[in-house]
Amino acid sequence: MTRLIVWRHGNTDWNATDRVQGQTDIPLNDLGREQARATASVLAMLHPDAIVASDLRRAADTAAALAALTGLPVRPDARLRERHFGQWQGLTLTEVAERFPAEYARWRAGDPDPGAGIETLDDLGKRLGAAFQDAAELAVGGTVVVTTHGGGARQGVGHLLGWDHAVLRTVGSLANCHWSELRHDDVRGWHLRAHNVGLVTAPASADAV
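Residues numbered from 1 in each chain as written. Predicted model: local features only at pLDDT ≥ 70, side-chain atom pairs only at ≥ 80, totals over all residues. Heavy atoms only, no water.

Attention now goes to the pattern of salt bridges. Within the structure shown, the criterion is met by ten salt bridges. For Asp30, the salt bridge identified is with Arg33, shortest N-O distance 2.3 Å. Of this pair, Asp30 and Arg33 are both found in helix α2 (residues 30-43), three residues apart, which corresponds to roughly one turn of the helix. Residue Asp30 is classed as exposed on the basis of its relative accessible area of 58%. Note that Asp134 and Arg79 form a salt bridge whose closest N and O atoms lie 3.0 Å from each other. One end of the pair, Asp134, is in helix α6 (residues 121-136); the other, Arg79, is in the loop between β3 (74-76) and α4 (93-99), and 55 residues separate them in sequence. What makes Asp134 partly exposed here is its relative accessible area of 38%. (Salt bridge = Lys/Arg side-chain N within 4 Å of Asp/Glu carboxyl O. Helix = DSSP H or I, 4+ residues; strand = E, 2+ residues; numbered from the N terminus. Buried < 20%, exposed > 50% of the residue type's maximum accessible area, 1.4 Å probe, protein only.)

Pairing in this open sheet of six strands is mixed, and the strands run β3-β2-β4-β1-β5-β6 from one edge to the other. Both edges of this open sheet fall to β3 and β6 (189-197), since each of them pairs with a single strand only. Sheet twist, expressed as the mean angle between neighbouring strand axes with direction ignored, is 20°. Direction of pairing for strand β2 (residues 50-53) relative to β3: parallel, over a ladder of three bridges. Bridge pairing in β3 places Ile51 opposite Val74. (Pairing = 2+ DSSP bridges. Axes fitted to C-alpha atoms, helices over the stretch in contact; angles between N-to-C directions.)

Burial within strand β5 (residues 179-185) is extensive, with five of its seven residues counted as buried. Hairpin connection, β5 to β6: the antiparallel pair is bridged by three residues.

Okay, the packing of α6 against helix α7 (residues 150-161) next. Remark: α6 packs on α7, axes separated minimally by 7 Å, with the N-to-C direction vectors making an angle of 75°. By the angle class used here, α6 and α7 are roughly perpendicular. Across from Leu121, Leu124, Gly125, Lys126, Leu128, Gly129, Phe132 and Gln133 in α6, the residues of α7 making contact are Gly151, Gly152, Ala153, Gln155, Gly156, Val157, His159 and Leu160. A breakdown of the residues in the contact of α6 with α7 according to their chemical character gives seven nonpolar, eight polar and one charged. (Parallel < 35°, antiparallel > 145°, perpendicular 65-115°, else oblique. Contact = heavy atoms within 4.5 Å. Nonpolar A, V, L, I, M, F, W, Y, C, P; charged D, E, K, R; others polar.)

This brings us to α7. Between its terminal C-alpha atoms α7 stretches 17 Å, which fits the 16 Å expected from twelve residues at 1.5 Å a residue. Among the twelve residues in α7, eleven count as buried, and that is most of the element. The set of residues buried in α7 consists of Gly150, Gly151, Gly152, Ala153, Arg154, Gln155, Gly156, Val157, Gly158, Leu160 and Leu161. Along its buried surface, α7 packs onto β1 (2-8), α6, β4 (143-148), α8 (165-168), β5 and β6. At the exit of α7 stands Gly162, carrying a positive phi of roughly 75°. (Expected span 1.5 Å × (residues − 1).)

What follows concerns the side chain of Glu181. Looking at the element boundaries, Glu181 is found in strand β5. You can call Glu181 buried: its relative accessible area is 13%. A polar atom in the side chain of Glu181 sits 2.6 Å from the side chain of Arg183. Apart from residues no more than four positions distant in its own chain, Glu181 is found in contact with Arg3, Leu4, Ile5, His191, Leu192, Arg193 and Ala194. (Polar contact = N/O pair within 3.5 Å; in protein donor to acceptor, adjacent residues only side chain to side chain.)

Within soluble globular proteins, side chains that are nonpolar tend to cluster in buried spots. Ranked by size, the top nonpolar core spans 22 residues in total, and within it Leu4, Phe132, Val144, Val146 and Leu182 carry the most contacts. With sequence-adjacent residues up to four places away left out, Leu4 is seen in contact with Phe132, Val144, Val146, Leu160, Ser180, Glu181, Leu182 and Trp190. Counting residues in each nonpolar core, the second largest holds 15 residues, with Ala44, Ala67, Cys177 and Trp179 among its members. (Core = buried A, V, L, I, M, F, W, Y, C linked by side-chain atoms within 4.5 Å.)

This part covers unusual backbone geometry. Even without being a glycine, Ala116 presents a positive backbone phi close to 60°. Overall, the relative accessible area of 10% leaves Ala116 in the buried class. Unusually for a residue other than glycine, Cys177 sits at a positive phi of about 60°. You can see Cys177 is positioned in the loop between α8 and β5.

Spatial relationships are all this shows, so hold off on functional conclusions.
Below, the structure is given as structure tokens:
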């Protein structure tokens, strides 16, 4: 049985103001660093065998908190980056709604390809799903922690589970420093054991942008 922990990064100033991060390299804020340290102490008790992280600082620094407790290296993987949000990156969601009303309406309605240069959900799921699968193969029969981003986490998990967009629309995004747990065996394949687990109940930013 292989266990995969998909862990969202800690809070950033852009999370706090609903500003679209996408693949912009925004660091953790003080709250985010504290969230990472506190959550790392819990995940360390799972005795991970490998840690893999997005190369964006907010995810890499979150993973570093766990690495400091376990002595494991953090393996960077650029495929674990958040969805690319095209022309929206750097804007608040209020600004997005004002400047891109048609695309914003399609995004809110769950259109997998809303336009404005935004990465499609199909491409996102395939990218993250492949990274998750490769990470899991680092410790078959063990535990792997993958540190990534909210939107990417949901699509990557959905890709592994074979869920379509309509199903994923019913699954909430991970809050900052919360995680999902998946397990894999040769009989059942991948299955979800827990979702949005964390130390404190907290809302995720809108679709974890």
